[in-house]
Amino acid sequence: MRTLTTAVLWMSLCVSATAPAAAKTFDREVAADPKGIVDISNVAGAIEVTGWDRNQVSVHGELGEGVERVDVTSEPGHTTIKVVLPNNSGHHDGSAHLKVQIPQGSELDVSAVSADVTATRMQGVQRLQSVSGEVSAELAQANADVKSVSGDVTLRGHGQAAGVHASTVSGDVKIEHAAGDLEVSTVSGDVHGSLDGARSLRVRSTSGNVTFAGKLANGPTVDVESISGELTLKASADGGYAYELTTFSGDIGNCFGEHAERTSQYSPGRALRGTRGNGSGRVHMKSMSGELMLCDK
Amino acid sequence: MTQAQAQSGEIDWEAGLVQRARAGDARAFERIYREHSGRVYGLCLRMTRDVQLAEDCTQETFINAWRALGRFETRSTLGTWLHRIAVNVSLSKRRKSGPVESLPDDDTGAIGDWTLETPVEVREIEAAIDALPDGARDALVLHALYGYSHDEAAQMLGLAEGTCKAQLHRARRLLRDRLGMEVLSA
Amino acid sequence: MKIKSLRDLPQEIAPPRDLWPGIAAHIAPSADAVKASDVAAARPAAGRIVRLRWLAAAAALACLAVGMWIDRSLLPFPGKVEGGALTVSTKGAAGPALDVSYVPDARYQRQRAALLASLQARLNELPPETRTKVLASLATIGKAKEDLERALGKNPGDALLQELLVNTYQDEMRVLIDVHTASNSGEGI
């Protein structure tokens, strides 16, 4: 009986020791400039930013027990939100799930390590960076600079012209309804995009496959390059474009019925050059060994 | 910062950016660049008529502005101040290309508005402006496109006001010849 | 589009490319992305230190992109090795062993060496899954460089290969800088 009592005592102690601490929440609201800068940094967890039409920054956080505090500072034209972890956070849960509402005209600057980042209904410039988290954003008419090392990047445009720069090392990049000027760089991530009046498109990949389809603006400038990744462009432009596809050892395909030619009698290398429509734009595709495919339908 | 201030929009956010940039905050200066690069590049491109030169001019303008931020006085707007720097940079880039043309005698009567008799394609007007001699084009771009007064445009170009007006007259005549229509005064 | 007045012409024209990196390279602090002081320095506001690092990285990359060149006049015929240059030998080439030398500028070489020296330590600071993926990507770039250099050894005058190789060096540098900066991200937070 005493053994049973002792056992029950030990069990209850163990249960209480391992019972999860109550999740901390954090709420704060500060006034903000309608076009000010909002800086948000968080190591782990998630950052969800939504633009609204109030001149305020509202922060709601669900904080792991390893989070020391959330600092929110406000100066004229500049609001900073920072998740602070103690120096030796050890095994404690240092993640924080932040939901932040900010003036939609703000310039948004987000920096995360493994936190996922999401931004919606923003009208101002966006700079979103995560090391391993996924980054997802709605594009508006302002420029966007989005980076992740190993996380995927997903951007959703609405056909509004903007300067967009997306960069990963191994993460995939997906862009919908891209307009304006688009620049994408990756090493091994795949890149997929739909074009909705893009004025310029520059893509660099080492081994990732690149696929874009849709409509280019009049007089577009397109430069797509990879070492071994496959490059596919199925896009038309009202004024047409002059195209040049060159590869050292890859194949060249097209829907124009044209055939690539050897660039030299004495060395590998093939090229396909021609013009569609009035040729008022320019499309260049290059690879070392990756297959190139161009179509304007 | 109080909520009332934010809501009333009284905060001069640009002055705040300038203040931070002056203190060495490159991030604030980048914001200034993002806000004004289009207008600066537009001016540089129209003055230099060359994309590469215009890019150099734009970069040099902002680099010079960064170095001179301590001398920026808020009595002129930041955009105007940047334009002044851009004009200087554009002119210095062009000085190497040859002697400045001398102006024929001209009347310096009212210039007025820059309305066209009939609507014209943007491309056509840009080409016509592009074809103007440097001095006429500079004066036209600053006055007719960017809305600077004769006095302001003259100061930016380092000219006497009368000379600037003469260049504007010349620009108007040449545009009329090129477009085959009057560029009307008010 | 037709307009009725010169005042209707657009005042703003977007530059064809982002000019900020070139500007940042001139105005950013002289400390480059790989100096130890960049890591150990006293910390101003958290957001600012992360921004400064990315800014320094962008500036460094811009400088390298501008400064890096490949001296095509020094591209040797197969079998020649240029003394003192960054030499990469191909392995397992079908033909005779080819040493293909390229001469990126001195600053690029120093930057690359410094970044590589601290690479393992930097990688250790990344989340494990990210570390694995970055290593795989660097291996992909390494293989791409080897393939390009091997091909250039047989076709030294091929402009496409030369251009792709230059771009691959730049891509490698971008990844090294991104890893360096990413591993510091937690310190500013």
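A quick note: this is a predicted structure, and the numbers were derived from the prediction, not measured.

## Comments concerning the overall build of chain C
Thinking step 1. Looking only at helices and strands, one finds seven helices and three strands in chain C.
Thinking step 2. Counting all 189 residues of chain C, 45% fall into the buried class.
Thinking step 3. When contacts within chain C are restricted to residue pairs at least 6 apart in sequence, long-range pairs at least 24 apart make up 69% of them.

## Here's the deal with the overall build of chain B
Thinking step 1. When helices and strands are tallied, chain B shows nine helices and two strands.
Thinking step 2. Tracing chain B from N to C terminus, the helices and strands come up as α-α-α-α-α-β-α-α-α-α-β.
Thinking step 3. Across the 186 residues in chain B, those meeting the buried criterion constitute 40%.
Thinking step 4. Residue pairs at least 24 apart in sequence account for 67% of intrachain contacts in chain B once pairs closer than 6 positions are excluded.

## Focus: the confidence of the model for chain C
Residues and elements named next belong to chain C.
Thinking step 1. Overall, the prediction assigns chain C a mean pLDDT of 64, with 54% of residues at 70 or greater.
Thinking step 2. Helix α6 (residues 128–154) holds the highest mean pLDDT among the elements of chain C, 91, whereas strand β2 (residues 86–89) holds the lowest, 29.
Thinking step 3. Confidence drops under pLDDT 50 across residues 29–56; counting only partners more than four residues distant or on other chains, this segment forms 52 contacts.
Thinking step 4. Contacts from residues 62–103, a stretch scored under 50 in pLDDT, to residues over four places away or in other chains number 73 contacts.
Thinking step 5. Here the predicted complex scores 0.63 on pTM and 0.81 on ipTM.

## Considering the confidence of the model for chain B
Predicted coordinates in areas of low pLDDT are best not read in detail.
Thinking step 1. Across chain B, the average pLDDT comes to 81, with 81% of residues at 70 or higher.
Thinking step 2. Here residues 104–110 of chain B is a poorly scored stretch, pLDDT under 50, and it has nine contacts once near neighbours within four places are set aside; other chains count.

## Brief notes about the nonpolar core
Thinking step 1. If you look at the biggest cluster of nonpolar residues, it comprises 96 residues, and the most contacted ones within it are A:I47, A:V49, A:L155, A:L233 and C:L161.
Thinking step 2. The element that contributes the greatest number of residues to this core is helix α7 (residues 159–184) of chain C, accounting for 11 residues.
Thinking step 3. Two domains share this core, each providing at least three of its residues, namely domain 1 (20–130) and domain 2 (139–297) of chain A.
Thinking step 4. The contact partners of A:L155, leaving out residues within four places of it in the chain, are A:A137, A:L139, A:A144, A:V146, A:V164, A:A166 and A:I175.

## Examining the interface of chain B and chain C
Thinking step 1. On the side of chain C, 26 residues touch chain B, which itself brings 30 residues to the contact.
Thinking step 2. Those elements that provide at least two residues to the side of chain B that touches chain C are α3 (26–48), α4 (51–68), β1 (115–121), α6 (122–130) and α7 (134–145) of chain B.
Thinking step 3. Relative to strand β1 (residues 2–5) of chain C, β1(B) is paired through three bridges, and the arrangement is antiparallel. Opposite B:E121, over in β1(C), you have C:K2 as the bridge partner.

## Thoughts on unusual backbone geometry
All names here are of chain A.
Thinking step 1. A positive phi angle is found at R121, which is not glycine, with a value near 55°.
Thinking step 2. Topologically, R121 is positioned in the loop between β9 (116–120) and β10 (126–130).
Thinking step 3. Of note in the backbone geometry, H177 takes a positive phi value of approximately 55° without being a glycine.
Thinking step 4. Mapping H177 onto the fold places it in strand β15 (residues 173–186).

## Points about the pairing of strand β8 (residues 107–112) of chain A
Residue and element names in this part refer to chain A.
Thinking step 1. Of all six residues making up β8, six are buried, and the element is well covered by its neighbours.
Thinking step 2. Residues E107, D109 and S111 line one face of β8 and the alternating positions L108, V110 and A112 line the opposite face, and both faces are buried.
Thinking step 3. When strand β2 (residues 37–42) meets β8, the two strands line up parallel, connected through six bridges. Bridged to D39 within β8 is D109.

## Overview of the interface of chain C and chain A
Thinking step 1. Each partner contributes residues to the interface: chain C has 38 residues there, and chain A has 35 residues.
Thinking step 2. Listed by contribution, the elements that provide at least two residues to the side of chain C that touches chain A are α3 (46–67), α6 and α7 of chain C.
Thinking step 3. With 12 residues, the top contributor of residues to the side of chain C that touches chain A is α6(C).
Thinking step 4. Counted by class, the side of chain C that touches chain A contains 19 nonpolar, 10 polar and nine charged residues.

## Quick notes on helix α1 (residues 20–27) of chain C
Thinking step 1. The buried fraction of α1(C) is high, at six of eight residues.
Thinking step 2. All of the buried residues in α1(C) are C:W20, C:P21, C:G22, C:I23, C:A24 and C:A25.

## Structural notes on the sheet that holds strand β2 (residues 183–184) of chain B
Thinking step 1. Spatially, three strands are ordered β2(B)-β1(B)-β1(C) in an open sheet, and the strand pairing comes out antiparallel. Edge positions in the open sheet fall to β2 of chain B together with β1 of chain C, since each of these has one partner strand only.
Thinking step 2. For β1(B) and β2(B), the ladder comprises two bridges, and the chain directions are antiparallel. Looking at the pairing, B:T115 lines up with B:L184 of β2(B).
Thinking step 3. Strand contacts of α6(B): β1 of chain B together with β1 of chain C, with the helix running at about 110° to β1(B), the strand carrying the most contacts.

## Remarks on the packing of α7(B) against helix α9 (residues 161–179) of chain B
Residue and element names in this part refer to chain B.
Thinking step 1. Packing of α7 against α9 leaves a shortest axis separation of 8 Å and a crossing angle of 95°. Comparing the axis directions of α7 and α9 gives the class roughly perpendicular. For the pair α7 and α9, contact is made by G135, A136, R137, A139, L140 and H143 and by C164, Q167, L168, R170, A171 and L174, respectively.
Thinking step 2. Taken together, the residues of the contact of α7 with α9 sort by class into seven nonpolar, three polar and two charged.

## A closer look at the environment of A:S236
Thinking step 1. Position of A:S236 relative to the elements: it lies in strand β18 (residues 231–237).
Thinking step 2. When sequence neighbours within four positions are dropped, the list of residues in contact with A:S236 reads A:K215, A:L216, A:D296 and A:K297.

## Focus: the packing of α4(B) against α1(C)
Thinking step 1. Direction vectors running N to C along α4(B) and α1(C) enclose 30°, while the axes themselves pass 9 Å from each other. In this structure, the crossing between α4(B) and α1(C) has a hand that is right-handed. Along the contact surface, α4(B) presents B:Q59, B:F62, B:I63 and B:W66, while α1(C) presents C:G22, C:I23, C:H26 and C:I27.
Thinking step 2. A class-by-class count of the residues in the contact of α4(B) with α1(C) yields five nonpolar, three polar and no charged.

## What to know about helix α8 (residues 150–157) of chain B
Residues and elements named next belong to chain B.
Thinking step 1. Buried within α8 are the following residues: A153, A154, M156 and L157. Along α8, the residues classed as buried sweep out an arc of 165° about the axis, all on the same side.
Thinking step 2. Looking at the buried positions of α8, the neighbouring elements they touch are α5 (78–95), α7 and α9.

## Looking at the environment of A:I252
Thinking step 1. Relative to the elements of secondary structure, A:I252 occurs in strand β20 (residues 252–254).
Thinking step 2. Sequence separation between A:I252 and A:G290 is 38 residues, and the spatial gap between their C-alpha atoms is 9.0 Å.

Reading the values: rules and limits
Residues numbered from 1 in each chain as written. Chains lettered and ligands numbered in written order. Predicted model: local features only at pLDDT ≥ 70, side-chain atom pairs only at ≥ 80, totals over all residues. Helix = DSSP H or I, 4+ residues; strand = E, 2+ residues; numbered from the N terminus. Buried ≥ 20, exposed ≤ 12 C-beta atoms within 10 Å, placed from the backbone. Contact = placed C-beta atoms within 7 Å. pLDDT = per-residue confidence, 0-100. Core = buried A, V, L, I, M, F, W, Y, C linked by C-beta atoms within 7 Å. Domains from an automatic or database assignment. Pairing = 2+ DSSP bridges. Nonpolar A, V, L, I, M, F, W, Y, C, P; charged D, E, K, R; others polar. Axes fitted to C-alpha atoms, helices over the stretch in contact; angles between N-to-C directions. Parallel < 35°, antiparallel > 145°, perpendicular 65-115°, else oblique. Left-handed = near helix turned anticlockwise from the far one by under 90°. Arc of directions from axis to C-beta.

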